[in-house]
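# Notes for the structure review
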Amino acid sequence: MAWLALCLLLWAVPCRAQDLPASIVLTSGEWPPFYSDSLPGGGFANRVVRESLALEGIKVDFLFLPWRRALETAAQGPAVGSAGWLPLEERRKRFLFSDPVFKSARVFFHLRDVPFIWRRVEDVRDLRVGITLGSAEEFPFKEAMAGGRGKLDVAGTYVAGMKMLIAGRVDVYACNKAVGLFVLANRIDAGVDRVVYNPRPIFTETNHLIISRRLPYAEALVDRFNAGLRKLRQSGRYDEIRRDYPGLD
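Residues numbered from 1 in each chain as written. Predicted model: local features only at pLDDT ≥ 70, side-chain atom pairs only at ≥ 80, totals over all residues. Heavy atoms only, no water.

## Structural notes on the overall build of the protein chain
- Helices and strands together make up the secondary structure of the protein chain, namely 10 helices and 9 strands.
- In terms of its C-alpha atoms, the protein chain occupies a principal-axis envelope of roughly 85 × 40 × 30 Å.
- For the protein chain, the proportion of its 249 residues judged to be buried stands at 49%.
- Considering only contacts in the protein chain between residues 6 or more positions apart, those separated by 24 or more positions represent 73%.
- For the protein chain, the accessible area works out to roughly 12900 Å², and carbon and sulfur atoms hold 55% of it.
- Considering the protein chain, the positive charge centre built from 35 side chains and the negative charge centre built from 28 side chains are found 1 Å apart. (Helix = DSSP H or I, 4+ residues; strand = E, 2+ residues; numbered from the N terminus. Buried < 20%, exposed > 50% of the residue type's maximum accessible area, 1.4 Å probe, protein only. Contact = heavy atoms within 4.5 Å. Areas by Shrake-Rupley, 256 points an atom, 1.4 Å probe, with all protein chains shown as cover. Lys, Arg positive; Asp, Glu negative; His and termini not counted. Charge placed at Lys NZ, Arg CZ, Asp CG, Glu CD.)

Here it is, written out as structure tokens:
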């Protein structure tokens, strides 16, 4: 009877060391200063992800890819997930989302000598609006610009999008504020002083680690990451990491 009770006990209590791998691969892309292969630690958010999981005994390797490929590689493998993503219903069908890694805002950048005031997103329906490839579904422009004389121009990269604005090919460029400011300060030489942004946010966003639902341990992995993230914040280490990346507010 004692042997039977021990077997039942062992069967009922999951062995976390077996349930979760000791090392995982996550995809990511270029969205500096949050995510970038050229920044220390892979960027602010990737560093947070890596250190949060390290606190839970899990090692992370990042595979940097164009964002669309990063999402598909996380969904189908060999990566188990990706950092980091804005929650959308279509994405939730294939991924579990962690607690927010950070919060930020999307804004309109425009030229200093071209006044731009807006109150509703519909106010841009007659303008040339620049966005970056892969972000169209994240902005509410399709409906807002319906029936207007404006159009959406899609840039292949954030550098290309900002250069498009400086060249006058678009009236406004919709972009994450911190990303746009980073690009202006670090990736563009000419015309930077001509660009400003309207402080009114198009929307505020949370950004998350996502884990593929195809994995049997997906929920457990998200739980472990969330636990590590809480420890990182409570210890003050999260704020220490943030201070290493100027321009984050």
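## Considerations on the layout of surface pockets
- Its boundaries defined by the atoms lining it, the largest pocket holds a volume of some 390 Å³.
- As for the largest pocket, its lining consists of 22 residues, and the residues nearest its centre are Trp85, Arg91, Gly134, Glu137 and Glu138.
- Of all the secondary structure elements, the ones that give two or more residues to the lining of the largest pocket are helix H4 (67–76), strand S3 (81–85), helix H5 (89–92) and strand S9 (195–212).
- Looking at which element gives the most residues to the lining of the largest pocket, the answer is H4, with 4 residues. (1 Å grid on protein atoms, 1.4 Å probe; cavity = no way out; pocket = protein on both sides within 12 Å on 5 of 7 lines; lining within 4 Å. Points joined across faces, edges and corners; volume = space filled by probe spheres on them.)

## Section: the side chain of Asn198
- Structurally, the position occupied by Asn198 is in strand S9.
- You can call Asn198 buried: its relative accessible area is 11%.
- Within the local environment of Asn198, its side chain forms a polar contact with the backbone oxygen of Phe116, the two atoms lying 3.2 Å apart. (Polar contact = N/O pair within 3.5 Å; in protein donor to acceptor, adjacent residues only side chain to side chain.)

## Quick notes on the nonpolar core
- Core analysis: the largest hydrophobic core is formed by 61 residues, its most contacted members being Leu26, Phe34 and Phe44.
- Counting residues per element, this core draws most heavily on helix H9 (residues 218–235), which supplies 6 residues.
- Among residues more than four places away in sequence, those in contact with Phe34 are Gly42, Gly43, Phe44, Ala45, Asn46, Phe102, Ser104, Asn176, Ala178, Val179 and Leu248.
- If you look at the next biggest cluster of nonpolar residues, it comprises 16 residues, including Leu86, Trp118, Ala144 and Ala174. (Core = buried A, V, L, I, M, F, W, Y, C linked by side-chain atoms within 4.5 Å.)

## Regarding the pairing of strand S1 (residues 23–28)
- Alignment of S1 against strand S2 (residues 59–64), held across 6 bridges, turns out to be parallel. By the bridge assignment for S2, Ser23 is matched with Lys59.
- Crossover connection from S1 via helix H3 (residues 44–54) to parallel S2: handedness right-handed.
- When S1 meets S3, the two strands line up parallel, connected through 2 bridges. When the bridges of S3 are listed, Leu26 appears paired with Gly81. (Pairing = 2+ DSSP bridges. Right-handed = clockwise from strand over helix to strand, strands pointing away.)

## Looking at the packing of aromatic side chains
- One pass over the structure, following the stated rule, counts 16 aromatic pairs.
- Relative to Phe34, the ring of Trp31 has its centre 5.4 Å away and its plane inclined at 35°; by these criteria the two rings are tilted.
- Since its relative accessible area comes to 6%, Trp31 is described here as buried.
- For Phe34, a relative accessible area of 2% puts it in the buried group. (Phe/Tyr/Trp six-rings, centres within 6.5 Å; stacked < 30°, edge-to-face > 60°.)

## Structural notes on the pattern of salt bridges
- Applying the stated criterion across every chain, the model contains 18 salt bridges.
- Measuring nitrogen to oxygen at the nearest pair gives 2.4 Å for the salt bridge that ties Glu205 to Arg106. Taken together, the positions of Glu205 in strand S9 and Arg106 in strand S5 (residues 102–111) put the pair 99 residues apart, joining distant regions of the chain.
- Residue Arg106 is classed as buried on the basis of its relative accessible area of 4%. (Salt bridge = Lys/Arg side-chain N within 4 Å of Asp/Glu carboxyl O.)

## Examining the side chain of His110
- Topologically, His110 is positioned in strand S5.
- Using a relative accessible area of 8% as the deciding quantity, one classes His110 as buried.
- Setting aside its immediate chain neighbours within four residues, His110 contacts Phe116, Leu165, Asp171, Val172, Arg194, Val195, Val196, Tyr197 and Asn198.

Everything listed here is a matter of geometry and, on its own, says nothing about what the molecule does.
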